[in-house]
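# Descriptive analysis of the structure
Spelled out from the first residue to the last, the chains are:
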Amino acid sequence: ESGLALVNDGTLTVCSNIPFEPFEYVVDGEFTGFDVELTREIATGMGLEHEMQNVGFDGLQSGTVLAARQCDMIAAAMTVTDERAEKLAFSDPYYDSLQSILAPAGSSIASLADLDGKKIGVQQGTTGESYARDNAPEGAEIMSFQTDAELFQSLQAGGIDAVLQDLPVNQDHTEDGKYAVTATFETGEVYAFAMKKDSSTELAAKVNEQLASLRENGKYQELYDKYFTE
Ligand code: GLN
């Protein structure tokens, strides 16, 4: 696979931002999640080992980690945007997503308008942050956090009234019944894997080939059901 000019020969090195459950998180010291398993399948299909690294989301979306050759590809539930596509080469989309509000169960916050005079938490550099800045009422205070973990901790501690974040991730925080998704916003966003823009044409083609075959052989659906069906 030398034509791919991988960071580490024989290995697909993948950068992500953890935790973003159910896409990427750690269990017993091991990375797991939909993105983790899907990119492992892609690597295996290409005859490569698979390695994951945890990096801040800003370093991912700016393409810094790719330019510095820390990894070959980004798998971070990353939404394709025009701005990011100027710096990154995206694979074919692999997940359709939308935005949502997470609030304490029984809270009266059921729309962005209800956040007037309230504090809304977002993850820095994400499409959720942009959505909040573009659509929240002027009286809402938008607070940015580095990771989804810090965002959720602040909600639990009462530091913010609600979270604006990708639906599948907010959904994941509702399992104990203390928090609920109280609104969803059809942004039409899709996730894709990101690679270096200039030199990764061959890598992107191989990744897309593997993605297509995982959709065909049912493995994609198997992983989808494992992480998103409840
Ligand atoms: N999908 C969102 C975005 O791309 C959030 C991704 C993330 O925080 N890992 O901005």
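### Quick notes on the packing of aromatic side chains
In this structure the tally under the stated criterion is 20 aromatic pairs. Residues Phe-20 and Phe-23 carry aromatic rings whose centres are separated by 6.3 Å and whose planes lie at 35° to one another, so their mutual orientation is tilted. As far as the burial class goes, Phe-20 and Phe-23 line up, both buried. The class of Phe-23 is buried, set by a relative accessible area of 0%. Joined through ring pairs, the aromatic side chains of Phe-20, Phe-23, Phe-34, Tyr-94, Tyr-95, Tyr-191, Phe-193, Tyr-220, Tyr-224, Tyr-227 and Phe-228 make up one cluster. Here the basic side chain of Arg-215 rests over the ring of Tyr-220, its NZ or CZ set 4.3 Å away from the ring centre.

### Digging into the environment of Val-122
Relative to the assigned elements, Val-122 resides in strand 9 (residues 119-123). Along the primary structure Val-122 and Arg-133 are separated by 11 residues, whereas in three dimensions their C-alpha atoms are 9.7 Å apart. Filtering out sequence-adjacent residues up to four positions away, Val-122 remains in contact with Gly-128, Glu-129, Ala-132, Ile-142, Met-143, Ser-144, Phe-145, Leu-151 and Leu-164.

### With respect to the domain arrangement of the chain
Assigned domains within the chain: domain 1 (2-95 + 190-228) and domain 2 (98-185). Put simply, the middle of domain 1 and the middle of domain 2, counted by C-alpha atoms, are 26 Å apart. Facing 16 residues of domain 1, the contacting portion of domain 2 comprises 14 residues. For the pair domain 1 and domain 2, the summed buried surface comes to about 1,100 Å²; carbon and sulfur atoms form 51% of the total. Its largest share of buried area at the contact with domain 2, domain 1 owes to Pro-19, Phe-20 and Glu-21, together 38% of the area lost on that side. Put simply, domain 1 and domain 2 have zero salt bridges between them. Element by element, the count of residues in the side of domain 1 that touches domain 2 is highest for helix 2 (residues 57-61), at three residues. For the side of domain 1 that touches domain 2, the residue count by class is nine nonpolar, four polar and three charged.

### Regarding the site of the ligand
Around the ligand, a shell composed of Phe-20, Phe-57, Ala-76, Ala-77, Met-78, Thr-79, Arg-84, Gln-123, Thr-126, Thr-127, Asp-166 and Tyr-191 is seen. In this structure, Ala-76 approaches the ligand through a main-chain N or O atom, which is 2.9 Å from a nitrogen atom. Here Gln-123 contributes a side-chain N or O atom positioned 3.1 Å from an oxygen atom of the ligand. For the ligand, whose accessible area on its own is 300 Å², the fraction buried by protein is 100%. Taken domain by domain, the makeup of the shell around the ligand includes at least three residues from each of domain 1 (2-95 + 190-228) and domain 2 (98-185).

### Side note on helix 8 (residues 201-216)
For helix 8, with 16 residues, the first-to-last C-alpha span of 23 Å sits near the 22 Å given by 1.5 Å per residue. Three or more residues of helix 8 are buried, namely Leu-203, Ala-204, Val-207, Asn-208, Gln-210, Leu-211 and Leu-214. Buried residues of helix 8, viewed axially, fall in a sector of 165°; they line one side. Along helix 8, the residues that are exposed and aim more than 90 degrees away from the buried face are Thr-201, Glu-209 and Glu-216. On its buried side, helix 8 packs onto strand 1 (11-16), helix 1 (34-45), strand 5 (73-74), strand 14 (194-196) and helix 9 (219-228). Phi turns positive, to about 90°, at Gly-218, one or two residues after helix 8.

### Notes on the state of the cysteines
Within this structure, the stated rule accounts for one disulfide. Across the disulfide from Cys-15 sits Cys-71; the S-S distance is 2.2 Å. In this structure, the disulfide formed by Cys-15 and Cys-71 twists by about -110° around the S-S bond and is classed as left-handed. Separated by 56 residues along the polypeptide, Cys-15 in strand 1 and Cys-71 in the loop between helix 3 (64-67) and strand 5 bring together distant segments of the chain.

The rules behind each value
Residues numbered from 1 in each chain as written. Predicted model: local features only at pLDDT ≥ 70, side-chain atom pairs only at ≥ 80, totals over all residues. Heavy atoms only, no water. Phe/Tyr/Trp six-rings, centres within 6.5 Å; stacked < 30°, edge-to-face > 60°. Buried < 20%, exposed > 50% of the residue type's maximum accessible area, 1.4 Å probe, protein only. Lys NZ or Arg CZ within 6 Å of the ring centre and 35° of its normal. Helix = DSSP H or I, 4+ residues; strand = E, 2+ residues; numbered from the N terminus. Contact = heavy atoms within 4.5 Å. Domains from an automatic or database assignment. Buried area = accessible area lost by both parts, 1.4 Å probe. Salt bridge = Lys/Arg side-chain N within 4 Å of Asp/Glu carboxyl O. Nonpolar A, V, L, I, M, F, W, Y, C, P; charged D, E, K, R; others polar. Near = heavy atom within 4 Å. Polar contact = N/O pair within 3.5 Å; in protein donor to acceptor, adjacent residues only side chain to side chain. Areas by Shrake-Rupley, 256 points an atom, 1.4 Å probe, with all protein chains shown as cover. Expected span 1.5 Å × (residues − 1). Arc of directions from axis to C-beta. Disulfide = S-S within 2.5 Å.

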